[in-house]
2 protein chains.
Amino acid sequence: MTARAAPVKMSDVARHAGVATITVSRALRTPQRVSPQVLARVHAAVEATGYVPNLAAGTLKSQRSRIVAAIVPTLRNSIFAETAEGLAEALDAHGYQLLLANSGYSADAEERILRNLLGQQPDAVVLTGTVHTPRLRELLSGRRIPVVETWDLSDQPIDRVVGFSNLQGSRQLTHALAARGHRRIVFVGTTDNERRAGERCAGYCQAMHELGLAPDVFEIGGQPVSIGTGARALAGLLQRGPLPDAACFLNDYLAFGALLECQRQGLAVPGRIALAGFGDFEIAREASPSITTVRVPGYAMGQVAARLIVERLAGKADDAKEIDLGFEVVMRDSA
Amino acid sequence: MTARAAPVKMSDVARHAGVATITVSRALRTPQRVSPQVLARVHAAVEATGYVPNLAAGTLKSQRSRIVAAIVPTLRNSIFAETAEGLAEALDAHGYQLLLANSGYSADAEERILRNLLGQQPDAVVLTGTVHTPRLRELLSGRRIPVVETWDLSDQPIDRVVGFSNLQGSRQLTHALAARGHRRIVFVGTTDNERRAGERCAGYCQAMHELGLAPDVFEIGGQPVSIGTGARALAGLLQRGPLPDAACFLNDYLAFGALLECQRQGLAVPGRIALAGFGDFEIAREASPSITTVRVPGYAMGQVAARLIVERLAGKADDAKEIDLGFEVVMRDSA
DNA sequence: GTGAAAGCGCTAACAT
DNA sequence: ATGTTAGCGCTTTCAC
């Protein structure tokens, strides 16, 4: 019951329960292989001593850590946080621990961080996106552990992919805007630092070509993908020249910021300009007018990645290299 | 250069470099204690073999993991994510790895999760809030590792606290609203599941007493603290009876939702009703009208907690039990 | 169902 | 500056 100064180890628990160390180990890991009486004694001893297993020792011997390492670009963007929570919850339910790190959108940082994470002997790895350094692939291929890439699809996955097509999402959204009669459609975002951003821009461009319309990309450059940047982008569009019929934004924060700026400037949405975002964040649903967007499976990608990992670590076969969780174009009032 | 199927261990690197295993260990941990030539040979061998240290082994022997465990209520709320990133970045800069878990706002879950985390032998622990189960305190006090509680202040910290006073923040905000002439001020939130929510409500109530005004708390119950809930709360206030002069919301999402609902209903803000939030999320700054709120040191708490931990693990003295990072009442257009 | 012995891959302590 | 030895706390393997 009382906490102790010197760390309690398994042999202390064993002595307390009057059994061998290995029996404590079994009582904790595989209780069905221990008689009920002994099991009870061991549990009582664990309670009494306040024992917490030293997983470093177990990992060292068993070569299994029950840790899954994941790298996300940032935690600040709530959409990756959803994937992380989906992962964490599903892994926790199966006794796995999520070791989470963020790369700040840099492939080099990702490699460095993965190197550190691998030192913890994770049983599996989850990455965001499908663009990585060549050495990262080597690092992982030598380990023979399950790897799941998320948030995109890929022809050449490292191992498994759970995601959706950013390109198709943006493409279908653009077609949907055109179907509502918009012709001069601008894409507002950046092709710079991030692959998924580039995919969305490419999907837009592809749709414009298919429609026989001229693509028009408005760069936000290195600015954060935030509400404020969206507002400034709309102001920039106004300054640039005649306002397009519609604007597709890299994500819902930008679109919402643009919506606010339109309202401040007295521009009717969608009358004067139609707006669309990407991601289906809460704000897109709640804004007035509500914002047309593309719903992406943030939480589900985490859950499914976790399920894939748990099943493979349990030895179950699994032939699907790629799981496409899809997206949904959500037409709302802003377009 | 090439990755290997069988895991490379330190002795493999040593053989490759023609030195003893311990020399590789030193080259990696304390390069200044190794001659430049040997250092170069070891680095070359590490490169050539693709060696990644097994930290489980190092942790077991050295009793130091270079892991810091942290528990936040949720990652979905971007404000805790900021604290987590502040922690992660500052710890990473000093070679520590953040092991992050979320408790879902439950003290019992927090205890269970901490138990798991402690198994990884963290060198320090960071908790959110100052309300925990008694067993959690026991669990930690037996370990003699630095513990930092965040997001609140406390008379009886487990070890160290880095935070601010939620109660004072809400109290001062309420006084500021009163100073603008508002008398019938309602607090919208919940006292249910979360301590910080209760503190904010208490601060409001205390201010109202000091002002000789009657407190009026509108409960949102178990609903999520979201934009949509804020909108529904405002609708609820309207149904309930005559609208108050001003409303303090538990956080900025609620306040923003209420603002949207006011706009939909044609209620002037702050003319018909003044609104205030808590947290200073981006949306409070960007909304039209911008939202009066209380700015809290989310990222800084993470940074400072990390600094405290790194310094103590480096053996530096540190007498401040409690670091109050303060808050700032930000008066904007909504009140 | 339970136990004894061995050893996972590192690093602390003690040489040299 | 470099090496030798021992052992961290578990779990695997092999007994009984």
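Preceding this section is the structure that the text describes.
Quick caveat, the model's predicted, so the values are computed rather than measured.

## Side note on the pattern of salt bridges
Then step 1. According to the stated counting rule, one finds 30 salt bridges over all chains in the structure shown.
Then step 2. A:Glu111 is paired through a salt bridge with A:Arg115; the nearest N and O atoms lie 3.5 Å apart. Here A:Glu111 pairs with A:Arg115, and both are found in helix 6 (residues 107-118), just 4 residues apart, close to one helical turn.
Then step 3. With relative accessibility at 25%, the residue A:Arg115 sits in the partly exposed group.
Then step 4. A salt bridge links B:Asp92 to A:Arg112, with the shortest nitrogen-to-oxygen separation between them at 3.0 Å. In this pair, B:Asp92 is assigned in helix 5 (residues 78-92) and A:Arg112 in helix 6, connecting two distinct chains.
Then step 5. You can call A:Arg112 partly exposed: its relative accessible area is 41%.

## Structural notes on the sheet that holds strand 11 (residues 322-324) of chain A
Residue and element names in this part refer to chain A.
Then step 1. One open sheet holds the 6 strands; their spatial order is 2-1-3-4-5-11, and the pairing between them is parallel. Each end of this open sheet is capped by a strand with a single partner; those strands are strand 2 (97-102) and strand 11. When strand polarity is set aside, the average angle formed by the axes of neighbouring strands in this sheet is 15°.
Then step 2. Here 3 bridges tie strand 4 (residues 147-150) to strand 5 (residues 160-163), and the two strands are oriented parallel to one another. Directly across from Thr150, in strand 5, lies its bridge partner Val162.
Then step 3. Helix-sheet contacts for helix 6 involve strand 1 (67-72), strand 2 and strand 3 (124-128), and the interaxial angle to strand 1 is about 170°.

## Observations concerning the side chain of A:Thr190
Residues and elements named next belong to chain A.
Then step 1. Secondary-structure assignment places Thr190 in the loop between strand 6 (185-189) and helix 9 (195-210).
Then step 2. Note on Thr190: relative accessible area 4%, which makes it buried.
Then step 3. The residues contacting Thr190, other than those within four sequence positions of it, are Ala197, Gly198, Glu219, Ile220, Gly221 and Leu250.

## Quick word on the protein's contact with DNA strand D
Then step 1. By nearness alone, 23 residues border DNA strand D, and A:Ile22, A:Ser25, B:Thr23, B:Arg26 and B:Lys61 come closest of all.
Then step 2. In the interface set of DNA strand D, defined as its atoms within 4 Å of the protein, sugar plus phosphate atoms amount to 61%.
Then step 3. A:Arg29 is positioned such that a nitrogen or oxygen atom in its side chain is 2.9 Å from a phosphate oxygen of DNA strand D.
Then step 4. Element by element, the count of residues in the surface near DNA strand D is highest for helix 4 (residues 55-62) of chain A, at 4 residues.
Then step 5. When grouped by side-chain class, the residues that make up the surface near DNA strand D number 10 nonpolar, 7 polar and 6 charged.

## Thoughts on the relation of the copies chain B and chain A
In this arrangement, two copies of a chain are superimposed by a rotation about an axis accompanied by a shift along the axis.
Then step 1. Rotating chain B by 180° about the axis while translating it 0.0 Å along that axis superimposes it on chain A, leaving an RMSD of 0.1 Å. The transformation relating the two chain copies, once decomposed into turn and shift, fits a two-fold axis. Nearest to the rotation axis, the C-alpha of B:Ala56 is located 2.3 Å from it, this being the minimum over chain B.
Then step 2. Looking at chain B, 100% of its interface residues are interface residues in chain A too, so the copies touch through the same face.

## Observations concerning the sheet that holds strand 7 (residues 217-219) of chain B
The pairing of strands in a sheet comes from backbone hydrogen bonds and takes either a parallel or an antiparallel form.
All names here are of chain B.
Then step 1. On the basis of which strands lie adjacent, the open sheet formed by 4 strands has the order 7-6-8-9 and parallel pairing. The sheet is open, and its two edges are formed by strand 7 and strand 9 (274-276), each paired on a single side. Taking each pair of neighbouring strands and ignoring which way they run, the sheet shows an average axis angle of 20°.
Then step 2. Summarising the sheet, strand 8 (residues 246-249) and strand 9 pair through 3 bridges and their orientation is parallel. By the bridge assignment for strand 9, Cys248 is matched with Ala276.
Then step 3. In the packing of helix 11 (residues 252-265) onto the sheet, contacts are made with strand 6 (185-189), strand 8 and strand 9, and the angle to strand 9 comes to roughly 155°.

## Observations concerning the packing of aromatic side chains
Then step 1. For the structure on display, the rule yields 11 aromatic pairs over all chains.
Then step 2. Ring geometry for A:Phe256 versus B:Phe256: centroids 5.5 Å apart, planes at 90°, classification edge-to-face. You can see A:Phe256 sitting in helix 11 (residues 252-265) and its partner B:Phe256 sitting in helix 11, one on each of two chains. Each member of the pair, A:Phe256 as well as B:Phe256, is classed as buried.
Then step 3. Linked through ring pairs, A:Phe80, A:Tyr105, A:Trp151 and A:Phe164 together constitute an aromatic cluster.
Then step 4. The ring of B:Tyr96 is capped by B:Arg66, whose NZ or CZ atom sits 4.3 Å from the centre of that ring.

## Here's the deal with the nonpolar core
Nonpolar side chains in soluble globular proteins generally cluster together in the buried interior.
Then step 1. Core analysis: the biggest nonpolar cluster contains 149 residues, and A:Leu100, A:Phe256, A:Leu275, B:Leu100, B:Phe256 and B:Leu275 have the highest contact counts within it.
Then step 2. No other element matches helix 5 (residues 78-92) of chain A, which puts 8 residues into this core.
Then step 3. Every residue in contact with B:Leu275, bar those within four places of it in the chain, is listed here: B:Leu234, B:Ala247, B:Phe249, B:Ala255, B:Ala258, B:Leu259, B:Cys262, B:Val269, B:Thr292, B:Ser334 and B:Ala335.
Then step 4. Formed by 36 residues, the second largest nonpolar core is a distinct cluster that contains A:Ala69, A:Leu140, B:Leu114 and B:Val125.

## What to know about the packing of helix 6 (residues 107-118) of chain B against helix 7 (residues 134-141) of chain B
Residues and elements named next belong to chain B.
Then step 1. Their axes nearest at 9 Å, the elements helix 6 and helix 7 cross at an angle of 15°. For the element pair helix 6 / helix 7, the angle class is roughly parallel. The handedness of the crossing between helix 6 and helix 7 comes out as left-handed. Packed against helix 6, whose contacting residues are Glu110, Glu111, Leu114, Arg115 and Leu118, the element helix 7 presents Arg135, Leu136, Leu139 and Leu140 at the interface.
Then step 2. A breakdown of the residues in the contact of helix 6 with helix 7 according to their chemical character gives 5 nonpolar, no polar and 4 charged.

Conventions adopted
- Residues numbered from 1 in each chain as written.
- Chains lettered and ligands numbered in written order.
- Predicted model: local features only at pLDDT ≥ 70, side-chain atom pairs only at ≥ 80, totals over all residues.
- Heavy atoms only, no water.
- Salt bridge = Lys/Arg side-chain N within 4 Å of Asp/Glu carboxyl O.
- Helix = DSSP H or I, 4+ residues; strand = E, 2+ residues; numbered from the N terminus.
- Buried < 20%, exposed > 50% of the residue type's maximum accessible area, 1.4 Å probe, protein only.
- Pairing = 2+ DSSP bridges.
- Axes fitted to C-alpha atoms, helices over the stretch in contact; angles between N-to-C directions.
- Contact = heavy atoms within 4.5 Å.
- Near = heavy atom within 4 Å.
- Polar contact = N/O pair within 3.5 Å; in protein donor to acceptor, adjacent residues only side chain to side chain.
- Nonpolar A, V, L, I, M, F, W, Y, C, P; charged D, E, K, R; others polar.
- Least-squares fit on C-alpha atoms with pLDDT ≥ 70 in both.
- Phe/Tyr/Trp six-rings, centres within 6.5 Å; stacked < 30°, edge-to-face > 60°.
- Lys NZ or Arg CZ within 6 Å of the ring centre and 35° of its normal.
- Core = buried A, V, L, I, M, F, W, Y, C linked by side-chain atoms within 4.5 Å.
- Parallel < 35°, antiparallel > 145°, perpendicular 65-115°, else oblique.
- Left-handed = near helix turned anticlockwise from the far one by under 90°.

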